[in-house]
Amino acid sequence: MRTPSARPRRLRTTSAMRRLVAETSLSPRQLVLPLFVAEGLSEPRHIRSMPGVVQHSRDSLRAAAAEAVEAGVGGVMLFGVPQHRDARGSGGLDPEAILNVAIGDVVAEVGDDTVVMSDLCLDEFTDHGHCGVLSDDGTVDNDATLEQYAVMALAQAAAGVHVVAPSGMMDGQVGVIREALDTGGYRDVAILAYSAKYASAFYGPFREAVSSTLQGDRRTYQQDPANRREARREVSLDLAEGADLVMVKPALGYLDVLSEVAALSDVPVAAYNVSGEYSMIEAAAAAGYLDRETAVLEVLTSIRRAGADIVLTYWASEAAGWLSALAP
Ligand code: PBG
């Protein structure tokens, strides 16, 4: 019998050997925890489709942010859930409204120790649930939405946020927000652009998380899952408009896109391991179909391997704890 001339298995013989030759690392500092805060809550409220994730009250949000920082995560991403919504999403622009006051709370609590980021989008604040304001014919009006985003960026910056994260996929949003921040005296507030964001069924549980009222879909502004070249164009435009970081979203079905974006980008690349990706594993683990911790770490490592410098994940605090225990 012919014996193999090469034996790659030699590098897999012990866990020490595997640790030595691992090509990809995963550290708590690379993880960002998305957090939801809802107006008017006195206790956190469970999100049925995302077991283990809650809508926070202002108090529990501060505690969760402190816990995340304690676990060593790289940052937190805040989403606000208002009690009242209107056609123009005014609640996102109002300095006294839930997201902006929550930014202030979190910055006061942990702002010196972590990177505080906020979602810059109107969908949580509009009564129709779209990411922008509507024209008379019911389509999302790109340029009218940009005016709202500029004001929203200033409100978030005034609340003390370090990074704004425009997620609405309006053309020109990064440039308009950059100009607004610079003119407003917030030159050091960074922009994490959701550059390649696809119209995905995997945002399903997030709709419950933000009590979304959306009817229909977002296919006239978010990308078609069929397209990869288009992602390069979106990223190039955002880089030209001044994005400090770019993001691909969702992560798992789009690892090829992520890999291309990582090759193209000269700024750090983030990937969003979205709600549906979280809930799939939680459901399978709860049913006993797979080992939860192993599956989560495998997924997060895969997203890093594909090229993400930063991973947004609802497991951030918990995974950070596991990673610290694995590699003290
Ligand atoms: C829009 C936004 C969405 C998510 C993050 N920002 C929803 C959407 O675009 O429909 C989804 C995140 C997730 O599913 O975990 N503000």
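**Q** What is the right way to read the overall build of the protein from this model?
**A** In terms of regular secondary structure, the protein is built from eleven helices and ten strands. In terms of overall size, the protein behaves like a compact globule, its C-alpha atoms giving a radius of gyration of 20 Å where 328 residues would be expected to give roughly 20 Å. Based on the C-alpha atoms only, the size of the protein along its principal axes is roughly 75 × 45 × 40 Å. When the 328 residues of the protein are sorted by exposure, 52% land in the buried category. Counting only contacts in the protein whose residues sit at least 6 apart along the sequence, the fraction spanning at least 24 positions is 76%. Distance between charge centres in the protein, computed from 28 positive and 44 negative side chains, equals 13 Å.

**Q** Would you mind going over the pairing of strand 4 (residues 75-81) with me for this structure?
**A** Along a regular strand, successive side chains alternate from one face of the sheet to the other. With seven of seven residues buried, strand 4 lies mostly within the body of the structure. The side-chain alternation of strand 4 yields two buried faces, one formed by G75, M77, F79 and V81 and the other by V76, L78 and G80. Of the strand pairs in this sheet, strand 1 (residues 31-38) and strand 4 are connected by seven bridges, and their pairing is parallel. Across the sheet, residue V37 finds its bridge partner in strand 4, namely G80. Handedness of the crossover is the feature at issue here: the chain leaves strand 4, passes through helix 3 (residues 98-110), returns alongside strand 5 (residues 115-120), and the resulting connection is right-handed.

**Q** Sorry, what's going on with helix 3 here?
**A** Each α-helix turn comprises 3.6 residues. Residues three or four places apart therefore point the same way. Over its 13 residues, helix 3 runs 18 Å from end to end, which matches the ideal 18 Å to within 8%, given 1.5 Å per residue. Within the span of helix 3, buried status applies to I98, L99, N100, V101, A102, I103, D105, V106 and V110.

**Q** Looking at this model, I keep getting lost on the site of the ligand. Mind explaining?
**A** In the vicinity of the ligand there are 18 residues, among which D123, K197, K249, S275 and Y314 approach most closely. S167 is positioned such that a nitrogen or oxygen atom in its side chain is 3.2 Å from a nitrogen atom of the ligand. In the environment of the ligand, a nitrogen atom lies 3.3 Å from a nitrogen or oxygen atom belonging to the side chain of K249. Relative to its free-state accessible area of 400 Å², the ligand is covered by the protein chains to the extent of 100%.

**Q** Help me understand the packing of helix 2 (residues 58-71) against helix 3 in this model?
**A** Any two packed helices are characterised by how steeply their axes cross, that is the angle between the axes, and by the distance between the axes. Two elements in contact, helix 2 and helix 3, have axes separated by 9 Å at closest approach and are oriented at 45 degrees. Here helix 2 is positioned oblique relative to helix 3, judged by the angle of their axes. Relative to helix 3, helix 2 is oriented so that their crossing is right-handed. Each of R58, L61, R62, A65, A66 and V69 in helix 2 lies in contact with helix 3, whose residues at this interface are I98, V101, A102, D105, V106, A108, E109 and V110. Considering only residue class, the contact of helix 2 with helix 3 consists of ten nonpolar, no polar and four charged.

**Q** Help me understand a nonpolar patch on the surface in this model?
**A** On the surface, L11, L20 and V21 cluster together into a nonpolar patch covering about 290 Å² of accessible area. Of the residues examined, L20 reaches a relative accessible area of 68% and is grouped as exposed.

**Q** Is there a simple way to explain helix 2 in this structure?
**A** Helix length check: helix 2, at 14 residues, gives a terminal C-alpha distance of 20 Å against a target of 20 Å (1.5 Å per residue), a fit within 8%. Among the residues of helix 2, S60, L61, A64, A65, A68 and V69 are the ones counted as buried. The inward-facing, buried residues of helix 2 contact strand 1, strand 3 (54-56), strand 4, helix 3 and helix 11 (316-326).

**Q** Looking at this model, I keep getting lost on a positive patch on the surface. Mind explaining?
**A** The grouping of R7, R9, R10 and R12 at the surface amounts to a positive patch. Its relative accessible area of 53% is what places R10 among the exposed residues.

**Q** Explain the pairing of strand 7 (residues 190-197) here, please?
**A** Within strand 7, eight of the eight residues are buried, which leaves the element mostly enclosed by the surrounding structure. Both strand 6 (residues 163-166) and strand 7 contribute to a ladder of two bridges, which runs parallel. Residue pairing across strands places V163 opposite A190, the latter belonging to strand 7. At this point the chain moves from strand 6, through helix 5 (residues 173-183), to the parallel strand 7, and the crossover so formed is right-handed. Pairing analysis gives five bridges linking strand 7 to strand 8 (residues 245-249), with the strands arranged parallel. Residue pairing for strand 8: A193 is matched across the bridge by V246.

About the criteria used
Residues numbered from 1 in each chain as written. Predicted model: local features only at pLDDT ≥ 70, side-chain atom pairs only at ≥ 80, totals over all residues. Heavy atoms only, no water. Helix = DSSP H or I, 4+ residues; strand = E, 2+ residues; numbered from the N terminus. Rg over C-alpha atoms; globule rule 2.2 N^0.38 Å. Buried < 20%, exposed > 50% of the residue type's maximum accessible area, 1.4 Å probe, protein only. Contact = heavy atoms within 4.5 Å. Lys, Arg positive; Asp, Glu negative; His and termini not counted. Charge placed at Lys NZ, Arg CZ, Asp CG, Glu CD. Pairing = 2+ DSSP bridges. Right-handed = clockwise from strand over helix to strand, strands pointing away. Expected span 1.5 Å × (residues − 1). Near = heavy atom within 4 Å. Polar contact = N/O pair within 3.5 Å; in protein donor to acceptor, adjacent residues only side chain to side chain. Areas by Shrake-Rupley, 256 points an atom, 1.4 Å probe, with all protein chains shown as cover. Axes fitted to C-alpha atoms, helices over the stretch in contact; angles between N-to-C directions. Parallel < 35°, antiparallel > 145°, perpendicular 65-115°, else oblique. Left-handed = near helix turned anticlockwise from the far one by under 90°. Nonpolar A, V, L, I, M, F, W, Y, C, P; charged D, E, K, R; others polar. Patch = residues over 30% accessible without salt bridge, like charges linked within 9 Å, V, L, I, M, F, W, Y side chains within 5 Å. Salt bridge = Lys/Arg side-chain N within 4 Å of Asp/Glu carboxyl O.

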